[in-house]
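# Analysis of the macromolecular model
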Amino acid sequence: MSELNKEVVDLVWGRPSSGGVSASIFRRWTQGFVFSENESSALEQFEGGPCAVIAPVQAFLLKNVLFNRESSNWRHMSEEEQKTTLCSTLTEILESACPSPSTGFCLVTWAKGQSPHTSTDANTQTHSHTQSMPEPESSQSPQEQPTALAAEDLGFERFHSVLHKRTVASVSELREEMLSLYHTWRGCCGVLLFLYSVILTKGIENIRNEIQDTTEPLIDPVHGHGSQSLVNLLVTGHAVSNVWDGDRECSGMKLHGIHKQASVGFLTLMESLRYCKVGAFLKSPKFPIWILGSETHLSVFFAKEMSLVGPESPSEQARRVFQSFDPEDNGFISESLLEDVMKALDLVSEPDYISLVKSKLDPENLGIILLGPFLLEFFPDQDSGIPDSFPVYHYNGLKQSNHNERVEYVEGTALVLGFEDPMVRTDDTPVKRCLQTKWPYIELLWTTERSPSLN
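Quick caveat: nothing in here was measured; it's all calculated off a predicted structure.

## Quick word on the environment of Cys-189
Looking at where Cys-189 falls in the secondary structure, it is placed in the loop between helix H7 (182-186) and helix H8 (190-202). The sequence separation of Cys-189 and Leu-154 amounts to 35 residues, and the corresponding C-alpha distance is 9.6 Å. When neighbours within four sequence positions are excluded, Cys-189 is seen to be in contact with Thr-30, Gln-31, Gly-32, Trp-110, Leu-154 and Phe-159.

Laid out in structure tokens, this is it:
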């Protein structure tokens, strides 16, 4: 896949001026999907960078474990359950990225006889439990597969020279192939092989058409972090660069956002710092699972309480529609837009009534309509239906970010109040500030001595 290979490399890694991606950055991305020894449904991340793939996969995996699995003990999974759950999760993400089932799916694997194996070299011992066996392709047994390439010898150029692309025609065939390639996804470079499979299934040109800045690679070749476009591609199937709802016009340029409710959500600390604003489609997903973004890392916050993601209430819909006419998040709109907002919400929009509403909501004739008074006028006293408290969990795949370097879920209780109550004020942590972008008055009581880390 030489020519195609170059296009994938340019899209994922860009064109570093120094003559290639550094060995240390590439090494961070050479891990597979490996389950924690201490938490059977949690994936482990060895170094910074691949959280842009691992965290979305973890979020979808939790969705399948918590809501699609019959066993009541969701924190205990056998090896066979790990295999079926991981492979069905990866299949689901590939299906989401596929623009049309008729085009088929692309799987990127090792060329025959080129799967890496682990030596006893000290440099690879931290990864040894991911690569202890040669990865068999679906048609080969481990005994038949030559181990021509040691994992520690696998540099950036070499990796891209030993890849094989295959096309799978149907969803049923895809599911079978994904299961047969389980050891490939778990082994050396499994994360990258899956990422490349998603990219080629989606189509390089389709991704370029969705990314806002095509010169920005999906993986930063200097720091090794994944871009928002990469996260959005895995979460929604679309590699758009923004997290707001719908498209926006800016200086004659169309900026693409999220176009439908996601299965799992996304919240970011950057919103609490007012660098961006996440739209309702990511903030209010179909399942109570949210990827949390800090400046440098992605983790996952989740609950089993489905009322957290119940159908959008009329007041929530009104807030979303109002804010779509307020792209700069000022908290108000020009009074000239009031009629458009009311029409979009199927409210009475006769000219005389609009004039009456304007005089009531803008008594000082400032020419603006504030969000708060608008919601109070048309949607007063609406109960959100969320319980006052509920169990919550936090996942961080990095060993060093976990207590005693054990990758485990941190349990806690969330209190969602309708107002600020100084009697139940808890610590001001990055996790809490991130969650406050969805629940402004949330308080968190964790079972551990220290709050979970967002980094």
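## Considering the environment of Val-231
Take Val-231: it is sitting in helix H10 (residues 228-236). Along the primary structure Val-231 and Leu-298 are separated by 67 residues, whereas in three dimensions their C-alpha atoms are 9.6 Å apart. Other than its neighbours up to four places away in sequence, Val-231 contacts Ala-52, Phe-266 and Leu-298.

## Points about the side chain of Ser-40
With respect to the helices, strands and loops of the structure, Ser-40 is situated in the loop between strand E1 (34-35) and strand E2 (43-44). Only 3.0 Å separates the side chain of Ser-40 from the backbone oxygen of Arg-75, close enough to count as a polar contact. Reaching out from Ser-40, the side chain makes a polar contact with the backbone nitrogen of Met-77 at a distance of 2.8 Å. For Ser-40, the residues in contact, after removing those within four places along its chain, are Phe-35, Arg-75, His-76, Met-77 and Gln-82.

## Topic: the pattern of salt bridges
Under the counting rule described, the total for this entry stands at 18 salt bridges. As a salt-bridge pair, Asp-428 and Arg-433 come within 3.6 Å of each other at their nearest N and O atoms. A residue is classified by how much of its surface remains accessible, and Arg-433, at 28% relative accessible area, is partly exposed. When salt bridges that share partners are traced, they join Glu-7, Glu-205 and Arg-208 into one network.

## Quick word on the packing of H8 against H10
Contact geometry for H8 and H10: axes closest at 11 Å, N-to-C directions at 75 degrees. By the angle class used here, H8 and H10 are roughly perpendicular. Where H8 abuts H10, its residues Phe-194, Leu-195, Val-198, Ile-199 and Lys-202 lie against Leu-230, Leu-233 and Leu-234. Class assignment of the residues belonging to the contact of H8 with H10 gives a composition of seven nonpolar, no polar and one charged.

Procedures and definitions
- Residues numbered from 1 in each chain as written.
- Predicted model: local features only at pLDDT ≥ 70, side-chain atom pairs only at ≥ 80, totals over all residues.
- Heavy atoms only, no water.
- Helix = DSSP H or I, 4+ residues; strand = E, 2+ residues; numbered from the N terminus.
- Contact = heavy atoms within 4.5 Å.
- Polar contact = N/O pair within 3.5 Å; in protein donor to acceptor, adjacent residues only side chain to side chain.
- Salt bridge = Lys/Arg side-chain N within 4 Å of Asp/Glu carboxyl O.
- Buried < 20%, exposed > 50% of the residue type's maximum accessible area, 1.4 Å probe, protein only.
- Axes fitted to C-alpha atoms, helices over the stretch in contact; angles between N-to-C directions.
- Parallel < 35°, antiparallel > 145°, perpendicular 65-115°, else oblique.
- Nonpolar A, V, L, I, M, F, W, Y, C, P; charged D, E, K, R; others polar.

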